[in-house]
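What the coordinates show
The lines below spell out each chain.
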Amino acid sequence: MCALGWLAVASLCLGTLWAVPAKERRKVDKPRADLTPYENLDLDNYDLTMDNYGEILDLSNYEELYDYGDLVPKIEVGTLAPRPKDPQTLPELGETTAGTPKPQPPAPIPRQGPPCCQLCLCLGSSVYCDDAGLERIPALPADTAYLYARFNRIGAVRAGDFTGLEKLKRIDLSSNSISWAHADAFRLLPSLQELLLPQNLLTALPELPRSIVRLDARLNRIPSAGLRPEAFRDLKQLQFLHLSDNQLDFIPVPLPESLRSLHLQNNNIQTMHEDTFCDSQDLGQIRRALEDIRLDGNPINLSLFPNAFFCLPRLPTGRFS
Ligand SMILES: *[C@@H]1O[C@H](CO)[C@@H](O)[C@H](O)[C@H]1NC(C)=O
């Protein structure tokens, strides 16, 4: 796919088969026009029942829909999409005879040059590397805004893996084998809003940039010692903090006022302070945003803290008995 121009890649995707090798495609026959590319790829291989709160987050799909839509007027699907058996336009996928010089790809739309994703599909500013057998983060085009590298075997995130990717908004590394991430790997990304790391092997939470809106590190092995003290205090944009199914002993405090959803179910939380959510010195306080707290699946008896929830619009889910 490297050798193909960006235009050819895009037209392949939009035109015929999404250009993803058949073995990598799931049961989705063709992209549904009413869905974003993310949702199309998502239809089969992502467990939406697990926790799809984020999908209704206003920012999560809108931007991408825009990126995708931006492509459409530039590409005449019917005329540019190559026929599947035409080796002139499909040098990588077609059966080229040995010795035949590689045909020149069509001239790309002037841009930074075609993104070079050996195992990935680059579509606009999105890079799709799901289920591609990756063992490390691949080199990414400089304008990457959305990275999907789910269901791979990535074991670590190194310091330089995302260096210079100033437009990167979402990183989805769900279902890999990540046990370690360098402190600077994510912290220096100025646009990062969503970091999705569920179902990995992390024992410590990586440092986060101030721009982060949604952090999902469910289904890891993070103990409370794996969180820096006051790790979330300065994250004034943070709305979704999902750390369920880890090994936390405490509710991390302080929680920023921006927080809307705190999922800590299935940890080892046994106790909390009266001031964890609400300021006991300010009985007039209302935390309207924080309406979704899950503490079920923890040994904590929430009835022991009757004054801890007065500022919340809703009681946490959990054991009150
Ligand atoms: C939880 O706390 C309440 C209030 O102190 C108490 O009545 C109840 O017995 C406790 N439940 C358990 C299972 O310890």
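Everything numeric here is computed off the predicted structure, so don't read it as measured data.

Observations regarding the overall build of the chain
Within the chain, the secondary structure is distributed over 5 helices and 11 strands. Residue burial in the chain is summarised as follows: out of 321 residues, 49% are buried. For the chain, the exposed area adds up to about 15800 Å²; of that, 53% sits on carbon and sulfur atoms.

Side note on the side chain of Ser224
Mapped onto the elements of the fold, Ser224 is located in the loop between β8 (214-216) and β9 (240-242). Not counting residues up to four positions away in its chain, the partners in contact with Ser224 are Gln247, Leu248, Asp249 and Phe250.

Some details on the site of the ligand
Neighbouring the ligand are Asn301, Ser303, Leu304, Arg319 and Ser321. With respect to the ligand, the side chain of Asn301 contributes an N or O atom lying 2.3 Å from an oxygen atom. Separating a nitrogen atom of the ligand from a backbone N or O atom of Ser321 is a distance of 2.5 Å. Alone, the ligand offers 360 Å² of accessible surface; in the complex the protein occludes 39% of this.

Quick notes on the packing of aromatic side chains
For the structure on display, the rule yields 4 aromatic pairs. Considering the side-chain rings of Tyr128 and Tyr148, the 5.1 Å spacing of their centres and the 10° angle between planes classify their relative orientation as stacked. Placement of the pair is Tyr128 in strand β2 (residues 126-128) and Tyr148 in strand β3 (residues 146-148), with a sequence separation of 20 residues. Residue Tyr128 shares its accessibility class with Tyr148, and that shared class is buried. Here the aromatic rings of Phe309 and Phe320 are separated by 5.9 Å at their centres, their planes lie at 70°, and the arrangement is edge-to-face. Taken as a pair, Phe309 in the segment after β11 (292-294) and Phe320 in the segment after β11 lie far apart in primary sequence, 11 residues in all. You can call Phe309 buried: its relative accessible area is 6%. Given the relative accessible area of 34%, Phe320 is considered partly exposed.

Observations concerning the nonpolar core
General note: in soluble globular proteins, nonpolar side chains tend to be found buried as a group. Core analysis: the biggest nonpolar cluster contains 59 residues, and Phe162, Ile171, Leu173, Phe186, Phe232, Leu262 and Phe277 have the highest contact counts within it. The residues touching Phe232, leaving out its near neighbours within four places in the chain, are Leu205, Leu208, Leu215, Leu227, Leu238, Leu241, Leu243, Pro252, Pro254 and Pro256. The next biggest cluster of nonpolar side chains, apart from the first, holds 6 residues, and it includes Leu123, Tyr128, Tyr146 and Tyr148.

As for the sheet that holds strand β10 (residues 261-263)
In space, the 9 strands of this open sheet follow the order β1-β2-β3-β5-β7-β8-β9-β10-β11, with mixed pairing throughout. One side of each edge strand has no neighbouring strand; the edge strands of this open sheet are β1 (121-123) and β11. The sheet shows a mean angle of 5° between the axes of neighbouring strands, taken without regard to direction. Two elements, β9 and β10, share 3 bridges in a ladder whose sense is parallel. Among the inter-strand pairings, Phe240 is bridged to a residue of β10, identified as Ser261.

Quick notes on the confidence of the model for the chain
Caution is warranted with low-pLDDT regions, since their predicted coordinates should not be read in detail. Overall, the prediction assigns the chain a mean pLDDT of 75, with 63% of residues at 70 or greater. Note on residues 105-116: pLDDT is under 50 here. Beyond four places in sequence and across chains, it has 22 contacts.

What about the environment of Ala132?
For Ala132, the position within the fold is in the loop between β2 and β3. A sequence separation of 17 residues divides Ala132 from Ala149, and the C-alpha atoms of the two residues are 8.0 Å apart. Among residues more than four places away in sequence, those in contact with Ala132 are Leu119, Phe151 and Asn152.

Points about the environment of Leu295
In this structure, Leu295 sits in the segment after β11. On the basis of relative accessibility, which here comes to 1%, the residue Leu295 falls in the buried class. Distance from Leu295 to His263, taken between C-alpha atoms, is 7.0 Å for residues 32 residues apart in sequence. Excluding its chain neighbours within four sequence positions, the residues that come into contact with Leu295 are Ile251, Leu264, Gln265, Ile269, Phe277, Ile300, Leu302, Pro316, Thr317 and Gly318.

Structural notes on the state of the cysteines
All chains considered together, the criterion is met by 2 disulfides. Cys120 shares a disulfide with Cys129; S-S distance 2.1 Å. Handedness here is read from the sign of the S-S torsion; for Cys120 and Cys129, about 105°, the answer is right-handed. Bridging Cys278 to Cys311, the disulfide has an S-S length of 2.0 Å. As the torsion about the S-S bond is roughly -80°, the Cys278-Cys311 disulfide counts as left-handed. Of the two residues, Cys278 is situated in the loop between β10 and β11 and Cys311 in the segment after β11; the sequence distance between them amounts to 33 residues. The burial state of Cys278 is the same as that of Cys311; both residues are buried.

Thresholds, definitions, all that
- Residues numbered from 1 in each chain as written.
- Predicted model: local features only at pLDDT ≥ 70, side-chain atom pairs only at ≥ 80, totals over all residues.
- Heavy atoms only, no water.
- Helix = DSSP H or I, 4+ residues; strand = E, 2+ residues; numbered from the N terminus.
- Buried < 20%, exposed > 50% of the residue type's maximum accessible area, 1.4 Å probe, protein only.
- Areas by Shrake-Rupley, 256 points an atom, 1.4 Å probe, with all protein chains shown as cover.
- Contact = heavy atoms within 4.5 Å.
- Near = heavy atom within 4 Å.
- Polar contact = N/O pair within 3.5 Å; in protein donor to acceptor, adjacent residues only side chain to side chain.
- Phe/Tyr/Trp six-rings, centres within 6.5 Å; stacked < 30°, edge-to-face > 60°.
- Core = buried A, V, L, I, M, F, W, Y, C linked by side-chain atoms within 4.5 Å.
- Pairing = 2+ DSSP bridges.
- Axes fitted to C-alpha atoms, helices over the stretch in contact; angles between N-to-C directions.
- pLDDT = per-residue confidence, 0-100.
- Disulfide = S-S within 2.5 Å.

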